[in-house]
Amino acid sequence: MSVMVSVEMPIEPDKFDEAVTFLRDILPDTRAFEGCEHLETYLDREGSRALLVEKWTAAENQQAYLGWRVENGFLDQWGAFASGEPNIVTWEIAADV
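Basis of the calculations
Residues numbered from 1 in each chain as written. Predicted model: local features only at pLDDT ≥ 70, side-chain atom pairs only at ≥ 80, totals over all residues. Heavy atoms only, no water. Pairing = 2+ DSSP bridges. Helix = DSSP H or I, 4+ residues; strand = E, 2+ residues; numbered from the N terminus. Expected span 1.5 Å × (residues − 1). Bend = angle between axes of the 7 residues up to and from the residue. Buried < 20%, exposed > 50% of the residue type's maximum accessible area, 1.4 Å probe, protein only. Contact = heavy atoms within 4.5 Å. Axes fitted to C-alpha atoms, helices over the stretch in contact; angles between N-to-C directions.

A.B. asks: Is there a simple way to think about the pairing of strand β2 (residues 36-44) in this case?
C.D. replies: Regular strands show a simple pattern: their side chains alternate between the two faces of the sheet. Pairing of β2 with strand β3 (residues 49-56), which is carried by 8 bridges, proceeds in the antiparallel orientation. Looking across to β3, one finds that His 38 is bridged to Lys 55. With antiparallel pairing between neighbouring strands as the criterion, β2 and β3 make up a hairpin whose turn holds 4 residues, including Ser 48 at a positive phi of roughly 55°.

Written out as C-alpha coordinates, the structure is:
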(Lines give C-alpha, C1' and ligand atoms only; values in the text may rest on other atoms or scores of the structure.)
Protein backbone atom coordinates (compact mmCIF):
# COMPACT_ATOMS: atom_id res chain seq x y z
CA MET A 1 0.00 0.00 0.00
CA SER A 2 1.36 3.41 -0.96
CA VAL A 3 2.20 5.92 1.76
CA MET A 4 2.78 9.64 1.76
CA VAL A 5 5.70 10.99 3.76
CA SER A 6 6.15 14.63 4.72
CA VAL A 7 9.58 15.91 5.70
CA GLU A 8 9.72 19.41 7.14
CA MET A 9 13.29 20.69 7.23
CA PRO A 10 14.19 23.90 9.08
CA ILE A 11 17.01 25.84 7.42
CA GLU A 12 19.41 28.48 8.70
CA PRO A 13 18.09 31.72 7.14
CA ASP A 14 21.51 32.83 5.89
CA LYS A 15 22.01 29.46 4.17
CA PHE A 16 18.58 29.15 2.55
CA ASP A 17 19.69 29.59 -1.06
CA GLU A 18 22.62 27.19 -0.60
CA ALA A 19 20.27 24.63 0.93
CA VAL A 20 17.89 24.91 -2.02
CA THR A 21 20.78 24.36 -4.44
CA PHE A 22 21.87 21.33 -2.42
CA LEU A 23 18.36 19.86 -2.51
CA ARG A 24 18.12 20.54 -6.25
CA ASP A 25 21.32 18.54 -6.72
CA ILE A 26 20.39 15.52 -4.58
CA LEU A 27 16.63 15.09 -5.05
CA PRO A 28 16.90 13.48 -8.51
CA ASP A 29 18.46 10.51 -6.66
CA THR A 30 15.44 10.40 -4.36
CA ARG A 31 13.04 10.41 -7.30
CA ALA A 32 15.02 7.56 -8.89
CA PHE A 33 15.13 5.46 -5.71
CA GLU A 34 13.20 2.19 -5.85
CA GLY A 35 9.63 2.72 -4.69
CA CYS A 36 9.54 6.51 -4.97
CA GLU A 37 6.37 7.27 -6.90
CA HIS A 38 6.40 11.04 -6.54
CA LEU A 39 8.25 13.86 -4.79
CA GLU A 40 7.36 17.54 -4.57
CA THR A 41 9.31 20.25 -2.80
CA TYR A 42 7.73 23.31 -1.18
CA LEU A 43 9.78 26.26 0.05
CA ASP A 44 8.88 28.71 2.80
CA ARG A 45 11.44 31.51 2.44
CA GLU A 46 9.85 33.61 5.16
CA GLY A 47 9.90 30.75 7.67
CA SER A 48 13.21 29.40 6.30
CA ARG A 49 12.15 25.81 5.78
CA ALA A 50 11.58 23.23 3.08
CA LEU A 51 8.81 20.68 2.94
CA LEU A 52 9.22 17.49 0.96
CA VAL A 53 6.06 15.57 0.15
CA GLU A 54 6.90 12.08 -0.99
CA LYS A 55 4.74 9.21 -2.19
CA TRP A 56 6.23 5.74 -1.79
CA THR A 57 5.04 2.32 -2.95
CA ALA A 58 5.42 1.13 0.66
CA ALA A 59 6.78 2.46 3.94
CA GLU A 60 9.60 -0.07 3.67
CA ASN A 61 10.84 1.61 0.48
CA GLN A 62 11.04 4.95 2.24
CA GLN A 63 12.81 3.37 5.22
CA ALA A 64 15.35 1.78 2.86
CA TYR A 65 15.84 5.18 1.25
CA LEU A 66 16.46 6.84 4.63
CA GLY A 67 19.00 4.16 5.48
CA TRP A 68 20.77 4.77 2.18
CA ARG A 69 20.87 8.53 2.84
CA VAL A 70 22.38 7.95 6.29
CA GLU A 71 25.02 5.62 4.81
CA ASN A 72 26.04 8.08 2.10
CA GLY A 73 26.58 10.98 4.54
CA PHE A 74 23.48 13.06 3.85
CA LEU A 75 22.96 13.93 7.52
CA ASP A 76 26.45 15.40 7.82
CA GLN A 77 26.01 17.37 4.60
CA TRP A 78 22.55 18.64 5.53
CA GLY A 79 23.84 19.67 8.96
CA ALA A 80 25.64 22.58 7.29
CA PHE A 81 22.23 24.07 6.41
CA ALA A 82 19.85 22.84 9.11
CA SER A 83 18.61 25.00 11.96
CA GLY A 84 16.97 22.03 13.70
CA GLU A 85 15.88 18.44 13.34
CA PRO A 86 13.65 17.44 10.41
CA ASN A 87 10.09 16.42 11.21
CA ILE A 88 9.25 13.23 9.31
CA VAL A 89 5.69 11.92 9.28
CA THR A 90 4.40 8.87 7.41
CA TRP A 91 0.78 9.20 6.34
CA GLU A 92 -1.68 6.50 5.37
CA ILE A 93 -3.38 7.42 2.12
CA ALA A 94 -7.12 7.24 2.78
CA ALA A 95 -8.64 7.60 -0.68
CA ASP A 96 -12.00 6.38 0.61
CA VAL A 97 -12.37 9.11 3.25
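Let us keep going from here.
A.B. asks: What is the right way to look at helix α1 (residues 16-32) in this model?
C.D. replies: Each full turn of the α-helix corresponds to 3.6 residues, which orients residues three or four apart in the same direction. End to end, α1 covers 25 Å across 17 residues, agreeing with the expected 24 Å (1.5 Å per residue, within 8%). Ile 26 marks the point of greatest bend in α1, at about 35°, and the proline Pro 28 comes within the next four residues. Where α1 is concerned, the buried positions are Phe 16, Ala 19, Val 20, Phe 22, Leu 23, Ile 26, Leu 27 and Thr 30. Structurally, α1 contributes buried residues whose contacts are with β1 (3-10), β2, β3, α2 (59-71) and α3 (74-78).

A.B. asks: What is the right way to read the sheet that holds strand β4 (residues 87-92) from this model?
C.D. replies: Where strands meet in a sheet, backbone hydrogen bonds hold them as pairs that are either parallel or antiparallel. Judged by pairing direction, the sheet is antiparallel, and its 4 strands sit side by side in the order β2-β3-β1-β4 without closing on themselves. Lying at the two open borders of the sheet, with one neighbouring strand each, are β2 and β4. Strand-to-strand twist of the sheet, defined as the mean angle between neighbouring strand axes without regard to direction, takes the value 15°. Where β1 lies against β3, 8 bridges are found, and the strand directions are antiparallel. Counted as the bridge partner of Val 3 is Trp 56 from β3. Packing of α1 onto the sheet brings it into contact with β1, β2 and β3, and relative to β2 it is tilted by some 175°.

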